[in-house]
Amino acid sequence: MTIKLGLIGGGVMGEALLSRLIDRGIYQPSEVMVSEPQPTRQNYLRQTYNVNVNTDNCVVFTESREVVLLAVKPQVFSAIAQELADVLTTKISPLVISILAGVSLSQLESAFPELPVIRAMPNTPATVGEGITALCLGAYTNGKHHKLAQQVFSAVGQVVDVSEMLMDAVTGLSGSGPAYVALMVESLADGGVAAGLPRGLANQLAVQTVLGTAKLLQEHKIHPGELKDRVTSPGGTTIAGIAQLERAGFRSALIEAVKASALRSQELGQ
Ligand SMILES: NC(=O)c1ccc[n+]([C@@H]2O[C@H](COP(=O)([O-])OP(=O)(O)OC[C@H]3O[C@@H](n4cnc5c(N)ncnc54)[C@H](O)[C@@H]3O)[C@@H](O)[C@H]2O)c1
């Protein structure tokens, strides 16, 4: 069977994409080859998804006919680029999609000269099909490559196109954002426990409150400020909580978190 999808790096994000692409029938397990150096991960990926697993990135690259997805840490990028340099050819080349934080199109295009490359930034809710991925296209891509990337990432959620100058900001917001939200859920639950709730119930209330609020904002397309006003009764409980959040610099903390993450993404690309 022809290998259509090559995945270099079978970690958290690589697996999230792999599992949904197989689940949705976009690729058959036999059409996928993963390169992964960790033996425990190799066995796990083989057993769980029945895909071909290899340790040689060059084999994965040269065997893949449609897409090669780079899903390693940005710090490993230059080593991988050096490894693949010998097997690059413009004759038959897959579309190279990188999800590496900070690694720019110009870095990708120097590593893969004259090849079609796309820089993408997905996020972990991709695992449950509720991710959002931003794409920006390299100079050697065409409409078919764009469609292919949209097909890959729409298997894991929404897809948006952005210009590359926005990619670090996207990374700071939606790329890293699931961690901020998880921290918030954990803190809400801790607050519930502090106020006397059992842990299990506090977790359930916290998760569903975040999920329901996000759904309400999305489905009713209301401004977050308006939703806040709807919850906040005069002289009531919510305004007492909000006043405390404002004293603690809640908004500023989130704004600064997104900015710090965007800056770190920028640094990783240098
Ligand atoms: N985790 C996220 O939320 C998220 C979101 C968007 C983008 N990203 C990006 O995705 C990439 C991967 O992140 P992750 O969280 O999945 O990391 P991870 O550490 O879980 O996965 C990386 C995998 O690459 C493997 N690897 C290491 N060296 C390799 C090599 N030389 N060849 C092939 N594979 C190798 C590792 O063994 C590991 O399994 C990063 O560049 C990150 O910036 C991550």
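Because the structure is predicted, anything quoted here is derived from the model rather than measured.

Brief notes about the sheet that holds strand E2 (residues 32-35)
Each strand in a sheet pairs with another by means of backbone hydrogen bonds, the pair being arranged parallel or else antiparallel.
Phase 1: In spatial order, the strands read E3-E2-E1-E4-E5-E6-E7-E8; together these eight strands make up an open sheet with mixed pairing. Two strands in the sheet have a free side with no partner beyond their single neighbour: strand E3 (52-54) and strand E8 (157-161). Sheet twist, expressed as the average angle between the axes of neighbouring strands with direction ignored, equals 25°.
Phase 2: Note that E2 and E3 share three bridges and pair parallel. Paired with Val34 across the strands is Val53, a residue of E3.
Phase 3: Here helix H7 (residues 167-175) sits on the sheet and contacts strand E6 (117-121) and strand E7 (131-137); the angle it forms with E6, its principal contact strand, is near 35°.

Details of the environment of Arg264
Phase 1: Inspection of the secondary structure assignment puts Arg264 in helix H12 (residues 250-268).
Phase 2: The sequence separation of Arg264 and Ala101 amounts to 163 residues, and the corresponding C-alpha distance is 9.0 Å.

Some points on the UniProt feature "domain: Pyrroline-5-carboxylate reductase dimerisation" (unreviewed entry) in the protein chain
Phase 1: In this numbering, the UniProt entry assigns the feature "domain: Pyrroline-5-carboxylate reductase dimerisation" (unreviewed entry) to residues 164-268.
Phase 2: Span residues 164-268 is 83% helix and 0% strand, its end C-alpha atoms 15 Å apart.

Quick word on the packing of aromatic side chains
Describing an aromatic ring pair means giving the distance of the ring centres and the angle of the ring planes.
Phase 1: What the rule picks out here adds up to two aromatic pairs.
Phase 2: A centroid spacing of 6.5 Å and a plane angle of 90° characterise the contact between Tyr44 and Tyr49, whose relative ring orientation is edge-to-face.
Phase 3: According to the relative accessible area criterion, Tyr44 is partly exposed, its value standing at 33%.
Phase 4: Considering the side-chain rings of Phe61 and Phe112, the 5.9 Å spacing of their centres and the 10° angle between planes classify their relative orientation as stacked.

Quick notes on the side chain of Glu31
Phase 1: Mapped onto the fold, Glu31 is located in the loop between helix H1 (12-23) and E2.
Phase 2: For Glu31, a relative accessible area of 9% puts it in the buried group.

A closer look at the pattern of salt bridges
Phase 1: Within the structure shown, the criterion is met by 10 salt bridges.
Phase 2: Taking the shortest distance from any N to any O, the salt bridge between Lys4 and Glu31 comes out at 3.4 Å. Placement of the pair is Lys4 in the segment before strand E1 (5-8) and Glu31 in the loop between H1 and E2, with a sequence separation of 27 residues.
Phase 3: As a salt-bridge pair, Arg41 and Glu15 come within 2.9 Å of each other at their nearest N and O atoms. In this pair, Arg41 is assigned in helix H2 (residues 39-49) and Glu15 in helix H1, connecting sequence segments 26 residues apart. Judged on exposure class, the residue Arg41 and its partner Glu15 are both buried.
Phase 4: Put simply, Arg119, Glu164 and Asp168 are held in one network by salt bridges that share partners.

What counts, and where the lines are drawn
- Residues numbered from 1 in each chain as written.
- Predicted model: local features only at pLDDT ≥ 70, side-chain atom pairs only at ≥ 80, totals over all residues.
- Heavy atoms only, no water.
- Pairing = 2+ DSSP bridges.
- Helix = DSSP H or I, 4+ residues; strand = E, 2+ residues; numbered from the N terminus.
- Axes fitted to C-alpha atoms, helices over the stretch in contact; angles between N-to-C directions.
- Contact = heavy atoms within 4.5 Å.
- UniProt positions renumbered as here; feature names shortened; annotations may be inferred.
- Phe/Tyr/Trp six-rings, centres within 6.5 Å; stacked < 30°, edge-to-face > 60°.
- Buried < 20%, exposed > 50% of the residue type's maximum accessible area, 1.4 Å probe, protein only.
- Salt bridge = Lys/Arg side-chain N within 4 Å of Asp/Glu carboxyl O.

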